[in-house]
Amino acid sequence: MPDFPSATPDLPPASKPASKPKAVKKVVSTETKLARLGLRTDMDLVLHLPMRYEDETRVYTIRDACLRGGESWQVEGVVSKCEVSFKPRKQLLVTIADETGDLLLRFMNFYGSQVKQLAEGTRVRARAELKHGFFGAEMVHPVYKVVNEGAPLPTALTPVYPSGEGLSQHVLRRAIAEAMKRIDWTDTLPESLLRQMQLSPFQAAVRLLHYPPQQIDESALMDRSHPAWVRMKFDELLAQQLSLKRAQYARRSKGAAALPFVGSLSTAFQNALPFRLTGAQARVLDEIRADLRQPYPMQRLLQGDVGSGKTVVAALSATQAIDSGYQAALMAPTEILAEQHFRKIAAWLEPLGVKVAWLTGSLKKKEKTASLALIESGEAQLVIGTHALIQDNVQFSKLGLVIVDEQHRFGVGQRLTLRNKGDSAAVPHQLMMSATPIPRTLAMTYYADLEVSVIDELPPGRSPIVTRAIDQNRRDEVIARVYAAALEGRQVYWVCPLIEESEALQLQTATDTCMMLAEALPALQVGLVHGRLKPAEKQEVMDAFIAGQLHVLVATTVIEVGVDVPNASLMVIEHAERFGLSQLHQLRGRVGRGTAASVCLLLYQGPLGGVARQRLMTMRETTDGFEIARRDLEIRGPGEFLGARQSGQAMLRFADLETDQWLVDQARDVAHELLHAATPASAATVEAHLARWLGNKEEFLKV
Ligand code: ADP
Ligand code: MG
């Protein structure tokens, strides 16, 4: 059987069918295709488990299959007609017949060899969904096989594997079967543990999942509650827990410079603040301060909803490092945000005699050289910047504390690099900040190695934000709201739609919107900020907005994170249906920062899909970031929620954090026992298990 795509979507007829340019085909080896799926070793292949199964153990008569309709059935018949038709487009039409009736097999894409292969008189087994088309029953792009009469049927369900471009099930199956012959099947877990936890042996479980016997409980296989699945999930979770806990112990055994002094600078700074810390800020600050005094590196995640006041906590942590004679670094994901931090924190600290340096990619060469010198000599006590901070040429003199703002915007590797900027003997303390709360179940599994502090209170005097979803053909009313807000001396953000396919188009839309608003509201000053502006230009627009010279700021999503202009009280988001929940929450968080009642208008274009509707409803119902994250998790599932960037390679493939919580708990306990036992046997178990399940991927979990 040739390898060909078993289901090709129906394409509309090409506009110029005559002269299709011949694409130059690149030959990609099977090995490369497998590697793209992360399948590099034999064990990778063996642990590449089916996502579902197909039943090829039965053949239905054509009549039975037609009567049942709908689902996918396997039929067998002899080709009675095979022709290439050109109307309405080129396709291969094959009719097969058995003693009960006949059936059309339709191929929109096919090779010349298939026409020969399916010549009249050939016997084929075909399997696909059955459709009732204009000419009677048909299968479109069935999976088929040429067979002899009486050819034996498979006795096991046929696995269907997650696959990638140009990689057929057939090739995958063969590669997996070969790998199964080569690997060492020794169970990584001792008998006693298997008995105690009532787990299936590894080899039996894996074999069963790849080749389930005919008489198996299919529903348990499908919903992954079968003991064989449970073993896989347990193993996966155990590997994750072992790795996280080991990283935690390793970190504790590494030295860090203790930063014991909350001295004159910290005190003076806190006294000079124009506000009192909220109870929650004070509490998390205490937690951080206690960690910084320890001689091993802090690794703490500071979670606080947008506007909860994380920046000042970061600055107060930095002063403890400075008071103790060390440098601190603060890294932010965008230039706008880094610059805002720099201005705000420098304004707080420079009057108290602290030297704050500033480093971004867009600095002129001379300024950059000057900053680098300040950082290297140690004269700069606090360094604020973007990714530029992690470049090779940045040398710190005595880096004691690393702070990463909006940490979820950085890759694992980037955070690691900044942490490695300390001297080799001591790892700097690390504080990560995020407004995107990680639900508890996730925090426990993915961040077993992190301490978490939560600011669960907003500064006083904030009024809640009212959120409305409005059909975009009511845009005129929205423009009237913008005008009314400006008359009251308030400022407005107008966020342009996300156009993922095209940055140019996104820019165009933003420019158009800006002109439209300027025209509709001639009395108002309207500014525009987007990602293509040079940093200096961006800053100029932001400055004008901060100074109140602009009433309306039209923006692309560059303002998503961190921007803080308390006088802005109206947020308009166009095509809100295109944004994800956490992004909407971040955007909305730009308003409601002052005392004025704030409003967020979500303009949408109907009709809304189910997920988009759920998102907008969530936004209307709550402004609580934790609740939003919880619902986001519900809507999207944990895989997407964290994204590969967040979790390194650590995504769970088999276990589901919602339904398998009980297994997470068990895996955690077993991991704890194995590591604590510290006998040669338990150490060997740990090594073997990690090697099997994580291989070389473990590094990623350690950051
Ligand atoms: P986020 O947690 O989103 O980073 P910011 O640190 O930007 O929030 O703080 C939001 C705003 O609240 C800033 O203008 C900040 O100065 C102000 N703020 C922070 N803490 C307090 C407080 N305890 N009382 C009053 N205002 C505060
Ligand atoms: Mg912030």
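Now for a quick tour of the structure. In this text the structure is predicted, and so the values were computed from the model without any measurement.

### Here's the deal with the side chain of His429
Move 1: As for its placement among the helices and strands, His429 is situated in strand 14 (residues 429-434).
Move 2: A distance of 2.7 Å separates a polar atom in the side chain of His429 from the backbone oxygen of Ala257.

### Observations concerning a negative patch on the surface
Move 1: Taken together, the side chains of Asp55, Asp217, Glu218 and Asp223 define an acidic patch exposed on the protein surface.
Move 2: Looking at the secondary structure, you find Asp55 in the loop between strand 1 (52-54) and helix 3 (62-68).

### Digging into the site of ligand 1
Move 1: For ligand 1, the set of nearby residues contains 17 residues, the closest of which are Arg276, Gly307, Thr311, Arg462 and Asp564.
Move 2: Take Gly309: an N or O atom from its main chain is 3.0 Å from an oxygen atom of ligand 1.
Move 3: Arg593 places a side-chain nitrogen or oxygen 3.3 Å from an oxygen atom of ligand 1.
Move 4: Protein burial of ligand 1: of its 560 Å² of free accessible surface, 88% is covered by the chains.

### Points about the packing of aromatic side chains
Move 1: Applying the stated criterion across every chain, the model contains eight aromatic pairs.
Move 2: Look at Phe269 and Trp348: their rings are 5.6 Å apart centre to centre, the planes differ by 50°, and that puts the pair in the tilted class. Within this pair, whereas Phe269 is found in helix 10 (residues 264-272), its partner Trp348 is found in helix 13 (residues 335-349), the two being separated by 79 residues in sequence. Of the two residues, Phe269 and Trp348, both sit in the buried class.
Move 3: Counting every residue linked through ring pairs, the aromatic cluster contains Trp229, Phe654 and Trp693.
Move 4: In this arrangement the basic side chain of Lys398 is found over the ring face of Tyr326, its NZ or CZ atom lying 4.4 Å from the centre.

### Observations regarding unusual backbone geometry
Move 1: Between Gly606 and the following residue, Pro607, the backbone shows a cis peptide bond with an omega angle of -5°.
Move 2: Within the secondary structure, Pro607 is located in the loop between strand 21 (598-604) and helix 21 (610-621).
Move 3: Of note, Arg224 is a non-glycine position whose phi angle comes to about 60°, a positive value.
Move 4: If you trace the backbone, Arg224 turns up in the loop between helix 8 (218-222) and helix 9 (227-253).
Move 5: Positive phi, close to 50°, is recorded for Ala678, a residue that is not glycine.
Move 6: Structurally, the position occupied by Ala678 is in the loop between helix 24 (661-677) and helix 25 (680-693).

### Focus on the nonpolar core
Move 1: Leu382 and Leu401 are the most contacted members of the largest nonpolar core, which totals 63 residues.
Move 2: Other than its neighbours up to four places away in sequence, Leu382 contacts Ala318, Ile322, Ala328, Ala329, Ile345, Leu349, Lys355, Val356 and Ala357.

### Points about helix 5 (residues 169-182)
Move 1: Taking 1.5 Å per residue, 14 residues should reach 20 Å; helix 5 reaches 20 Å between its end C-alpha atoms and fits that length.
Move 2: Among the residues of helix 5, Val171, Leu172, Ala175, Ile176, Ala179 and Met180 are the ones counted as buried.
Move 3: If you follow the buried residues of helix 5, they end up packed against helix 1 (30-36), helix 2 (42-46) and helix 7 (202-210).

### Remarks on the packing of helix 24 against helix 25
Move 1: Contact geometry of helix 24 with helix 25 gives a least axis separation of 7 Å together with a crossing angle of 130°. It follows from the interaxial angle that helix 24 and helix 25 lie oblique. Taken as a pair, helix 24 and helix 25 cross one another with a handedness that is left-handed. Each of Leu674, Leu675 and Ala677 in helix 24 lies in contact with helix 25, whose residues at this interface are Ser682, Thr685 and Val686.
Move 2: Taken together, the residues of the contact of helix 24 with helix 25 sort by class into four nonpolar, two polar and no charged.

What counts and what doesn't
- Residues numbered from 1 in each chain as written.
- Chains lettered and ligands numbered in written order.
- Predicted model: local features only at pLDDT ≥ 70, side-chain atom pairs only at ≥ 80, totals over all residues.
- Heavy atoms only, no water.
- Helix = DSSP H or I, 4+ residues; strand = E, 2+ residues; numbered from the N terminus.
- Polar contact = N/O pair within 3.5 Å; in protein donor to acceptor, adjacent residues only side chain to side chain.
- Patch = residues over 30% accessible without salt bridge, like charges linked within 9 Å, V, L, I, M, F, W, Y side chains within 5 Å.
- Areas by Shrake-Rupley, 256 points an atom, 1.4 Å probe, with all protein chains shown as cover.
- Salt bridge = Lys/Arg side-chain N within 4 Å of Asp/Glu carboxyl O.
- Lys, Arg positive; Asp, Glu negative; His and termini not counted.
- Charge placed at Lys NZ, Arg CZ, Asp CG, Glu CD.
- Near = heavy atom within 4 Å.
- Phe/Tyr/Trp six-rings, centres within 6.5 Å; stacked < 30°, edge-to-face > 60°.
- Buried < 20%, exposed > 50% of the residue type's maximum accessible area, 1.4 Å probe, protein only.
- Lys NZ or Arg CZ within 6 Å of the ring centre and 35° of its normal.
- Core = buried A, V, L, I, M, F, W, Y, C linked by side-chain atoms within 4.5 Å.
- Contact = heavy atoms within 4.5 Å.
- Expected span 1.5 Å × (residues − 1).
- Axes fitted to C-alpha atoms, helices over the stretch in contact; angles between N-to-C directions.
- Parallel < 35°, antiparallel > 145°, perpendicular 65-115°, else oblique.
- Left-handed = near helix turned anticlockwise from the far one by under 90°.
- Nonpolar A, V, L, I, M, F, W, Y, C, P; charged D, E, K, R; others polar.

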